[in-house]
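Observations on the three-dimensional arrangement
The primary structure of each chain is shown beneath.
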Amino acid sequence: MAQVNMHEKLQQASKMLKDAQASVLQAQGQDLQQLEQAEQLLNQTENELRSLQNQAGTEATDNSQFQQAFEDLHDIRQQVQEAQQNIHDIP
């Protein structure tokens, strides 16, 4: 896979993660629907990353930007779950 194409896909994934994180921060404690939208964006981002991994193989998985994207994905997904739990815990 061309290095430029992989870089573009990783940049796109990074932007999607930032958008999802911004939604999570904005919705925390109040907007379950917005959190669900953020979760959908995370799922879409994960699918994009998995597709890139399937196409590029170790070229992708050895890439530090790819690894960081997966770490960010996991961290933001955890934030979404915590925020959803907080909404459900509010009486």
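Residues numbered from 1 in each chain as written. Predicted model: local features only at pLDDT ≥ 70, side-chain atom pairs only at ≥ 80, totals over all residues. Heavy atoms only, no water.

For the rest of this paragraph, the subject is the overall build of the protein. Check the secondary structure of the protein and you find four helices and zero strands. For the protein, the α and β elements follow one another from N to C terminus as α-α-α-α. With respect to the three principal axes, the spread of C-alpha positions in the protein is 50 × 15 × 15 Å. Excluding contacts between residues fewer than 6 apart, the proportion of contacts in the protein whose partners are at least 24 apart in sequence is 74%. Of the accessible surface of the protein, which amounts to about 5,700 Å², a share of 41% is contributed by carbon and sulfur atoms. Computed over 5 positive and 14 negative side-chain charges, the separation of the two mean positions in the protein equals 6 Å. (Helix = DSSP H or I, 4+ residues; strand = E, 2+ residues; numbered from the N terminus. Contact = heavy atoms within 4.5 Å. Areas by Shrake-Rupley, 256 points an atom, 1.4 Å probe, with all protein chains shown as cover. Lys, Arg positive; Asp, Glu negative; His and termini not counted. Charge placed at Lys NZ, Arg CZ, Asp CG, Glu CD.)

The subject of this paragraph is the packing of aromatic side chains. Enumeration according to the criterion identifies one aromatic pair in this entry. Ring geometry for F66 versus F70: centroids 5.2 Å apart, planes at 65°, classification edge-to-face. Taken together, the residues span about one helical turn, with F66 and F70 both in helix α4 (residues 64–89) at a distance of four residues. (Phe/Tyr/Trp six-rings, centres within 6.5 Å; stacked < 30°, edge-to-face > 60°.)

This next bit is on the environment of R50. For R50, the position within the fold is in helix α2 (residues 32–56). Relative accessible area serves as the criterion here: at 40%, R50 is assigned to the partly exposed category. (Buried < 20%, exposed > 50% of the residue type's maximum accessible area, 1.4 Å probe, protein only.)

Here we take up the confidence of the model for the protein. Taken over all residues, the pLDDT of the protein has a mean of 86, while the share at 70 or more is 91%. For the protein, the element scoring lowest by mean pLDDT is helix α1 (residues 3–27), at 85; α2 scores highest, at 91. (pLDDT = per-residue confidence, 0-100.)

On to α4, then. For α4, which comprises 26 residues, the first-to-last C-alpha distance of 37 Å matches the rise-based estimate of 38 Å (1.5 Å per residue) to within 8%. When α4 is considered as a whole, its buried residues turn out to be F66, A69, L73, I76, R77, V80, A83, Q84 and I87. (Expected span 1.5 Å × (residues − 1).)

The next thing to look at is the nonpolar core. Judged by nonpolar contacts, the single largest core of 23 residues is most densely connected at L42 and L52. For this core, the secondary-structure elements that each account for two or more residues are α1, α2 and α4. In terms of residue count, the dominant contributor to this core is α1 (eight residues). Non-local contacts of L42, meaning those with residues more than four positions away in its chain, are made with L17, A20, L73, I76, R77 and V80. (Core = buried A, V, L, I, M, F, W, Y, C linked by side-chain atoms within 4.5 Å.)

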